[in-house]
Amino acid sequence: MCDGFVRLRVDVIVTSGTANVIAAMQATSVIPIVFAVAGDPVANKLVASLAKPGGNVTGLSTVATDLAGKRLELLREAIPSLRRLAAIGNIGNSLSALELSEVQAAAARLGLETDILTIRQAEDIPSAFEALKGGAGALYIVADPLVNTHRDRIQTLAMGARLPTIYNAREHVEAGGLMSYGPNFTDLYRRAAQYVDRILRGAKPANLPVEQPAKFDFVVNLRTAKALGLALLPSMLARADEVIE
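Note that the structure is a prediction, hence the values are computed from the model and not measured. (Residues numbered from 1 in each chain as written. Predicted model: local features only at pLDDT ≥ 70, side-chain atom pairs only at ≥ 80, totals over all residues. Heavy atoms only, no water.)

**Overview of the overall build of the chain**
Stage number 1. For the chain, the count of helices and strands is 11 helices and 10 strands.
Stage number 2. With respect to the three principal axes, the spread of C-alpha positions in the chain is 55 × 40 × 30 Å.
Stage number 3. Expressed as a percentage of the 245 residues in the chain, the buried residues total 47%.
Stage number 4. Counting contacts in the chain only where the partners sit at least 6 residues apart, residues at least 24 apart contribute 66% of the total. (Helix = DSSP H or I, 4+ residues; strand = E, 2+ residues; numbered from the N terminus. Buried < 20%, exposed > 50% of the residue type's maximum accessible area, 1.4 Å probe, protein only. Contact = heavy atoms within 4.5 Å.)

Following this line, the structure appears as structure tokens:
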């Protein structure tokens, strides 16, 4: 598809997701590329640095400091008795592996023990849950394309194990997850449009710093809370950007 854009000589290519950005970069080193959503753009060699991208690519990164810690704080507020946490993620995805490490570090700071459930393919999901020895009071899900594709399966297994879940985006809460906390993707795409406007007015991607999320959403599924027997504090629900009832 990106090759087609190049043949059409478009002024700007807008995309999201690290793999799609890389595909666009392989298609052109001349046409400006703006990514609305990407993981770690430096580690994935999309840009030379956040402050000075240095090529024909710039945009918005979803990497933000201490998101894992914030999510764990929310879980512990919802479940004051939480002592042991389970976390599941695709170990074959470098960003997921990094987040799993951040979850372990954040859990240690909060005095929580952790069970890390690693998967590489869909077939690993049931066995990951079977590996739980019991005792975990909640499940942290590290989202990536594999996990997103199989979120219904993961959520069904989590509910079967009576595990409250926390995700990075509201779509997972709509699918039955207990809560999510993460960047507001609508805001990221709106800000990507501002990049496009600046480029069309003559700015060079190389000179437009990569920005990080500025707006975050906290979403709670009250139906799931009730199904799990959790009585969430009114103060917590009042802070939520959205409560699904």
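**Describing the layout of surface pockets**
Remark: the empty space left among the atoms is shown by a probe the size of a water molecule rolled over them.
Stage number 1. The computed volume of the largest pocket comes to approximately 1100 Å³.
Stage number 2. Around the largest pocket sit 38 residues that line it, and Gly 39, Thr 62, Leu 95, Ala 143 and Asn 168 are the ones nearest its centre.
Stage number 3. Counting residues per element, the ones that place at least two in the lining of the largest pocket are α2 (18-27), α3 (67-78), α4 (94-109), α6 (145-149), α8 (170-174) and α9 (185-200).
Stage number 4. Looking at the lining of the largest pocket, the element that brings in the most residues is α4, giving six residues. (1 Å grid on protein atoms, 1.4 Å probe; cavity = no way out; pocket = protein on both sides within 12 Å on 5 of 7 lines; lining within 4 Å. Points joined across faces, edges and corners; volume = space filled by probe spheres on them.)

**So, the packing of α3 against α4**
Stage number 1. Packing of α3 against α4 leaves a shortest axis separation of 8 Å and a crossing angle of 50°. The angle between α3 and α4 places the two elements in the oblique class. In the packing of α3 onto α4, the handedness of the crossing is right-handed. Side by side, α3 and α4 meet where Ala 68, Gly 69, Arg 71 and Leu 72 of the first sit next to Glu 99, Glu 102, Val 103, Ala 106 and Ala 107 of the second. (Axes fitted to C-alpha atoms, helices over the stretch in contact; angles between N-to-C directions. Parallel < 35°, antiparallel > 145°, perpendicular 65-115°, else oblique. Left-handed = near helix turned anticlockwise from the far one by under 90°.)

**Section: α3**
Stage number 1. Between its first and last C-alpha atoms α3 spans 17 Å; for 12 residues at 1.5 Å apiece the expected length is 16 Å, and the two agree.
Stage number 2. Here α3 has its buried residues at Leu 67, Ala 68, Gly 69, Arg 71, Leu 72, Leu 74, Leu 75 and Ala 78. (Expected span 1.5 Å × (residues − 1).)

**A look at unusual backbone geometry**
Stage number 1. Of note in this structure, Lys 45 is not a glycine but carries a positive phi near 60°.
Stage number 2. Residue Arg 162 is not a glycine yet carries a positive backbone phi of 60°.
Stage number 3. Positionally, Arg 162 belongs in the loop between α7 (151-160) and β7 (165-167).

**Let's talk about the sheet that holds strand β2 (residues 33-35)**
Stage number 1. If you trace the three strands from one edge of the open sheet to the other, you get β1-β2-β3, paired in parallel fashion. Every interior strand has two partners, whereas the edge strands, β1 (13-15) and β3 (57-59), have only one. On average, each strand axis in the sheet is inclined to that of its neighbour by 25°, with strand direction left out of account.
Stage number 2. With three bridges connecting them, β2 and β3 associate as parallel partners. Considered in β3, the bridge of Ile 33 is made with Val 57. (Pairing = 2+ DSSP bridges.)

**Comments concerning the nonpolar core**
Stage number 1. Formed by 32 residues in total, the largest nonpolar core has its most connected members in Leu 72, Leu 75, Tyr 140, Met 179 and Phe 218.
Stage number 2. Considering every element that reaches this core, the biggest residue donor is α3, with six residues.
Stage number 3. Those residues within four positions of Leu 72 in sequence are excluded, and the remaining contacts are Leu 85, Val 103, Ala 106, Ala 107, Leu 110 and Tyr 140.
Stage number 4. Ranked by size, the runner-up nonpolar core spans 17 residues in total, among them Ile 119, Ile 125, Leu 132 and Ile 141. (Core = buried A, V, L, I, M, F, W, Y, C linked by side-chain atoms within 4.5 Å.)

**Side note on the sheet that holds strand β9 (residues 216-221)**
Stage number 1. In spatial order, the strands read β5-β4-β6-β7-β8-β9-β10; together these seven strands make up an open sheet with mixed pairing. The strands lining the two open edges of the sheet, one partner per strand, are β5 (113-119) and β10 (242-244). For this sheet the average axis-to-axis angle between neighbouring strands, irrespective of direction, equals 20°.
Stage number 2. As judged from the five bridges shared by strand β8 (residues 179-183) and β9, these two strands associate in the antiparallel manner. Pairing of Tyr 181 across the sheet is with Phe 218, part of β9.

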